[in-house]
Amino acid sequence: MERVRVAATSLGRRIAIETPENVLLEFELAGVGSRFAAAFADIVILGILYLAIFAAFALLLGGIRLETWSAAVMVLVAFVLFWGYFALFEALWQGQTPGKHSVGLRVVMDTGHPLTFGAALARNLLRAVDSQPGLLYFVGALFVFLHPHHKRLGDIVAGTIVVRDRPTEQRLSVPVIAVPEAGEGPIVTAEVPELTDEEFRLVEQFLARREQFEAAARQRVAYALLQRLADRLPAGARGVEGRLEALYAVERRRRGGAVSTGRAARGIAATATARFIARKQQSWEAFRADAMGLERRGLKTLPGDQLTTFAARYREAAADLARARTYGVDARVVAYLERAVSAGHNALYGLRGVGRVGLGRLLAHDLTAALWRSRGYIAVAFLLTAAPAVAGYQLLRSAPSRAAELLPDEMIARAEGGREAVLAGVGYAQAPSLYLPLMASNIIANNVQVAIGAFAFGITAGIGTVWLLFFNGLFLGAVVGLFRNYGLAGWLLTFIAGHGILELTAIFVAGAAGLRIGRALVAPGDAPRRDALVVAGRESVLLVIAAACLLLLAGTIEGLLSASDAPVPVKLGVSATTVVLLVLLGISGRAAARGTAPQ
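Description of the structure in this document. (Residues numbered from 1 in each chain as written. Predicted model: local features only at pLDDT ≥ 70, side-chain atom pairs only at ≥ 80, totals over all residues. Heavy atoms only, no water.)

**Brief notes about the pattern of salt bridges**
Consideration 1: Under the criterion given, the structure shown has 11 salt bridges.
Consideration 2: Note that Asp155 and Arg35 form a salt bridge whose closest N and O atoms lie 2.8 Å from each other. Note that Asp155 is positioned in helix 7 (residues 153-158) and Arg35 in helix 1 (residues 32-61), a separation of 120 residues in sequence. The pair formed by Asp155 and Arg35 is uniform in burial state, with each residue classed as buried.
Consideration 3: Residues joined by salt bridges that share partners form a network here, namely Arg35, Glu90, Lys100, Arg123 and Asp155. (Salt bridge = Lys/Arg side-chain N within 4 Å of Asp/Glu carboxyl O. Helix = DSSP H or I, 4+ residues; strand = E, 2+ residues; numbered from the N terminus. Buried < 20%, exposed > 50% of the residue type's maximum accessible area, 1.4 Å probe, protein only.)

Right under this line is the structure:
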């Protein structure tokens, strides 16, 4: 299992992640200024995209009698673009948006792995809180400024960091060698060691204890060392152990030889460094190109017989990085190797191309399993909505005059004019068929945004989620109580029947996502609060996706059926069908959560 150690400097500007090869990959953290510059660039791009989409619709559909359909599509496209721009770009473009790319920033996981889709979605849905007040991003900027790893709330929940990612496409060049001047000290042939301290000790211990090994074990260990150090063995020696003995002797001379001081010593170090880079440069370039390609594509694109070879090349590059750091190689070379080793690390241990979940499995297995595992939170969200709904209903029934305090004037006016609508045979919120698509798209966008808020405001220790559920329940109960006072409850409920069960269930599911985040923050259990939030965030994102799917279906039914003049039995039949659908989801979720996919 991979061991990861995260540390930061006292100023929180750099973070170091330890790979399984005990090599530290250092990242420079992005600050408030660079992140705001990237955000500004993305906002400008978003504005241009909005204008382009509007112009395209006006040009393509302006002369066609599909105005309401085109407007409906525009509403949905604008909504998806607003919430999906950052998440989709970061998930599909190696943790970068165009704005981040322009200023040299990248989002990665805390472990140094590439950003996952779930993490990209979680960190960007939390923009609903980070962007407060309004869209000024005061909350997010404050957290980036104060957090030791420059994280906003979205990064905390998603387990991500934003790092600087400078271009590394240029080839390395061998540094100019500083030759000591005459009289400044003797020029010796000492070089920086070829072996790391660990490798030197391994060879030394083997040669000292080899007589104690059985023949087979001795041969096996010798061949293992030979394979690991093959590129550094001196020429001329014969036999496996003879070559190890020659390597050990050369390394001892390197480490024990007299080295001059002053400028002469610096010249010797520069000469050794140049030789080290010159010998390794070609293999580094080849590995870097392959690693960065596999970082994007994943290991599944690599033929099986080349996987072991790539792993060996990665270990060699990681060892070179350790040597470069130990012996003071130029910082530009170290940064170059860090990026190459990081790409190899991400390809070998990362998540790209490995175990990707297909859309079918996500919908049929992962989402339903998450719903079942969160059934307790969903039940709590239901109670937090139902209790104020009952209270709101009873309040309006016992004190009808309180309607003006709880409900908007438009809702009261609709109730007052309801009897005339009933006599005229017009349903509640019934719209001409021409406007049904636009109504459906607006309903979907609004409801999904409510679900996002229910999830995101869970980061306020659940208080925001509880308040949203309470307010929606109180409002719903008060509306039903108002129409009951006018004798129109059946008229209202006939409208709600087709889509209401799905819509309310989706709100409960989104509320459960927020409650999970709130509980992880308030009562993380045995895990550190930071880790508990990340785990809760992963599960909650699945709940948000499930809620969005339910709301998409509910909004479609509400806009195209509930607001139409379809017969009441049809609307009630659709309502019964949604109940059956939810029961099937529960059965499927229980089977999926138990590890048995339903047949």
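There's plenty left to go through after this.
**Some thoughts on the side chain of Lys151**
Consideration 1: When you line up the elements, Lys151 lands in the loop between helix 6 (138-146) and helix 7.
Consideration 2: Given the relative accessible area of 3%, Lys151 is considered buried.
Consideration 3: At 2.8 Å, the side chain of Lys151 forms a polar contact with the side chain of Asp110.
Consideration 4: Leaving out residues up to four positions away in the same chain, Lys151 has contacts with Arg35, Asp110, Phe143, Val144, Ile156, Gly159, Thr160 and Ile161. (Polar contact = N/O pair within 3.5 Å; in protein donor to acceptor, adjacent residues only side chain to side chain. Contact = heavy atoms within 4.5 Å.)

**Some thoughts on the environment of His101**
Consideration 1: Note on placement: His101 falls in helix 3 (residues 98-103).
Consideration 2: Among the residues examined, His101 registers a relative accessible area of 45% and is labelled partly exposed.
Consideration 3: For the pair formed by His101 and Asp42, sequence separation is 59 residues and the distance between their alpha carbons is 10.0 Å.
Consideration 4: The contact partners of His101, leaving out residues within four places of it in the chain, are Trp93 and Gln96.

**Examining the nonpolar core**
Consideration 1: Of all hydrophobic cores here, the largest spans 68 residues; its most connected members are Leu125, Leu126, Phe455, Ile459, Ile517 and Leu543.
Consideration 2: Per element, the largest residue contribution to this core is 15 residues, and it comes from helix 22 (residues 529-562).
Consideration 3: Setting aside anything within four residues of it in sequence, one finds Ile517 in contact with Val157, Phe455, Gly458, Ile459, Leu533, Ala536, Gly537 and Ser540.
Consideration 4: Counting residues in each nonpolar core, the second largest holds 30 residues, with Phe27, Val108, Leu294 and Ala347 among its members. (Core = buried A, V, L, I, M, F, W, Y, C linked by side-chain atoms within 4.5 Å.)

**Considerations on helix 17 (residues 409-416)**
Consideration 1: Those residues of helix 17 that sit buried are Met411, Ile412 and Ala415. Each buried residue of helix 17 sits inside an arc of 100 degrees when the element is viewed along its axis, so together they form one side. The outward face of helix 17, more than 90 degrees from its buried face, is lined by the exposed residues Asp409 and Glu410. (Arc of directions from axis to C-beta.)

**Notes on the packing of aromatic side chains**
Consideration 1: What the rule picks out here adds up to 9 aromatic pairs.
Consideration 2: Centre to centre, the rings of Phe382 and Phe508 are 5.4 Å apart; their planes meet at 85 degrees, and the pair counts as edge-to-face. Highlighted residues: Phe382 in helix 15 (residues 375-398) and Phe508 in helix 21 (residues 489-522), separated in sequence by 126 residues.
Consideration 3: In this structure Phe382 comes out as partly exposed when scored by relative accessible area, which is 42%.
Consideration 4: Taken together, a centroid distance of 6.2 Å and an interplanar angle of 35 degrees make the contact between Trp467 and Phe471 tilted. Separated by 4 residues within a single helix, Trp467 and Phe471 lie in helix 20 (residues 463-485), roughly one turn from each other.
Consideration 5: Residue classification places Trp467 among the exposed positions, given a relative accessible area of 55%.
Consideration 6: For Phe471, a relative accessible area of 45% puts it in the partly exposed group. (Phe/Tyr/Trp six-rings, centres within 6.5 Å; stacked < 30°, edge-to-face > 60°.)

**Regarding the packing of helix 21 against helix 23 (residues 568-593)**
Consideration 1: Following both chains from N to C, one finds helix 21 and helix 23 inclined at 15 degrees, their axes separated by 7 Å at the closest point. Relative to helix 23, helix 21 is oriented roughly parallel. Judged by the sense of rotation from one axis to the other, the crossing of helix 21 with helix 23 is left-handed. Along the contact surface, helix 21 presents Thr494, Ala497, Gly498, Ile501, Leu502 and Thr505, while helix 23 presents Val568, Lys571, Leu572, Val574, Ser575, Thr578, Val579, Leu581 and Leu582. (Axes fitted to C-alpha atoms, helices over the stretch in contact; angles between N-to-C directions. Parallel < 35°, antiparallel > 145°, perpendicular 65-115°, else oblique. Left-handed = near helix turned anticlockwise from the far one by under 90°.)

Function cannot be inferred from these measures alone, as they are strictly geometric.
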